Structure formats: C-alpha cells, structure tokens
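# Survey of secondary and tertiary structure
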Amino acid sequence: MPEETLDQYFARKPNDEEFHSYLFALLREKGIENAEAYKKAGIDRKTWSKLISNASQRPTKRNACAIAIALELDYKECKHLVKSAGYILNRDPFDLVIRYCVDHGIYDPIKVDALLLEKNQKPLFSE
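The structure contained in this document is the topic of the report that follows. All values derive from a computational prediction rather than experimental measurement.

### Concerning the environment of Glu77
Checked against the element boundaries, Glu77 lands in helix α6 (residues 75-84). Classification of Glu77 as buried rests on a relative accessible area of 14%. Note: C-alpha distance between Glu77 and Ile32 (45 residues apart in sequence) is 15 Å. Every residue in contact with Glu77, bar those within four places of it in the chain, is listed here: Tyr22, Leu26, Glu29 and Lys30.

### Regarding the packing of aromatic side chains
Going through the model one piece at a time under the given rule, you end up with one aromatic pair. Plain terms: the ring middles of Tyr38 and Trp48 are 6.3 Å apart, the flat faces sit at 40° to each other, and that makes the pair tilted. Here Tyr38 is found in helix α3 (residues 34-41), whereas its partner Trp48 is found in helix α4 (residues 45-53), with ten residues between them in sequence.

### Here we look at the packing of helix α5 (residues 61-70) against helix α7 (residues 93-103)
Packing of α5 against α7 brings their axes to within 11 Å, and their N-to-C directions diverge by 10°. Accordingly, the angle class assigned to the pair α5 and α7 is roughly parallel. Considering how the two elements wind past one another, α5 and α7 form a crossing that is left-handed. Mapping the contact onto sequence places Lys61, Arg62, Cys65 and Ile69 in α5 and Phe94, Asp95, Ile98, Cys101 and Val102 in α7. Split into classes, the residues belonging to the contact of α5 with α7 amount to six nonpolar, no polar and three charged.

### Quick word on the state of the cysteines
Think of a disulfide as a covalent bridge from one cysteine sulfur atom to another cysteine sulfur atom. Taken as a whole and judged by the stated rule, the model has zero disulfides. Looking at Cys78, it has no disulfide partner, and the nearest cysteine sulfur is the one in Cys65, 5.7 Å off. The structure places no disulfide on Cys101, whose sulfur is separated from the nearest cysteine sulfur, that of Cys78, by 9.9 Å.

### Considering the nonpolar core
Within the largest apolar cluster, 37 residues are counted, with the highest numbers of intra-cluster contacts made by Trp48, Ile67 and Leu71. Those elements giving two or more residues to this core turn out to be α2 (18-30), α3, α4, α5, α6, α7 and α8 (109-118). Considering every element that reaches this core, the biggest residue donor is α5, with seven residues. In this structure, Leu71 is in contact with Leu23, Leu26, Leu27, Lys30, Ile32 and Ala37, ignoring residues within four places of it in sequence.

Calculation notes
- Residues numbered from 1 in each chain as written.
- Predicted model: local features only at pLDDT ≥ 70, side-chain atom pairs only at ≥ 80, totals over all residues.
- Heavy atoms only, no water.
- Helix = DSSP H or I, 4+ residues; strand = E, 2+ residues; numbered from the N terminus.
- Buried < 20%, exposed > 50% of the residue type's maximum accessible area, 1.4 Å probe, protein only.
- Contact = heavy atoms within 4.5 Å.
- Phe/Tyr/Trp six-rings, centres within 6.5 Å; stacked < 30°, edge-to-face > 60°.
- Axes fitted to C-alpha atoms, helices over the stretch in contact; angles between N-to-C directions.
- Parallel < 35°, antiparallel > 145°, perpendicular 65-115°, else oblique.
- Left-handed = near helix turned anticlockwise from the far one by under 90°.
- Nonpolar A, V, L, I, M, F, W, Y, C, P; charged D, E, K, R; others polar.
- Disulfide = S-S within 2.5 Å.
- Core = buried A, V, L, I, M, F, W, Y, C linked by side-chain atoms within 4.5 Å.

Written out as structure tokens, the structure is:
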C-alpha cells in the first residue's frame, strides 16, 4: 500500500455537507419549519439563512448548542450535531450545562440560561 501524502490526508477530511445535511434531516424528522427552528434557537434570520443555504457554512459552537436545545435533541443527537459543526462537548462549565440540560430534558430557554448563569456562564438565549 502506498504511503498517504499530507494532501491526500487532508482530502479525506469530513464531508463539508455533514452539518448542513444533518440539520436538514433533524428538521424533517422532528417536523420543524425553518422559521420555528431559528426563532426557538434565538438565531437571527440572516445567520440561519447562511447556515441553510451554504453547505460549507458552520455555526458557532454556541449556535450549534442553541439549535440542539431548540430541536430538543437527545444527547447522542446533540453530540453528533455539535461534532458535525466541528466542535466537541468537553468538560468546561458551558459544555457541562448544555450536556446536563440535554440529558435531563431541559429545553426551556429560560431554564437553560438560568443554569448557565448559575455556573457563571454567559446565557445562550438572552443577553
């Protein structure tokens, strides 16, 4: 077997459309319209439009987490969505609160923000 070059290795990177495709699959599966999703996630229409119209567009980690909460994803779905956007949920306080909320079915933005504030983290849905 020939040695793989660096360029070949980079060419094997994850499919650029993974986040885009997974988001659309989740929206279909859950029967949620675009407008409902971006409003629940607290994402402005312009940002949402970029996410859904450009397969290579990636959300911020905070927006990926907000989408996961808005779509009421379970932990496995949340982890996949965040990973497909190029991030991981680790052990920092923000990530642990998001994981706690998803694990415990806490999808109310007010409750999520209260838990984030309790751990001295910036709210996800309000300023």
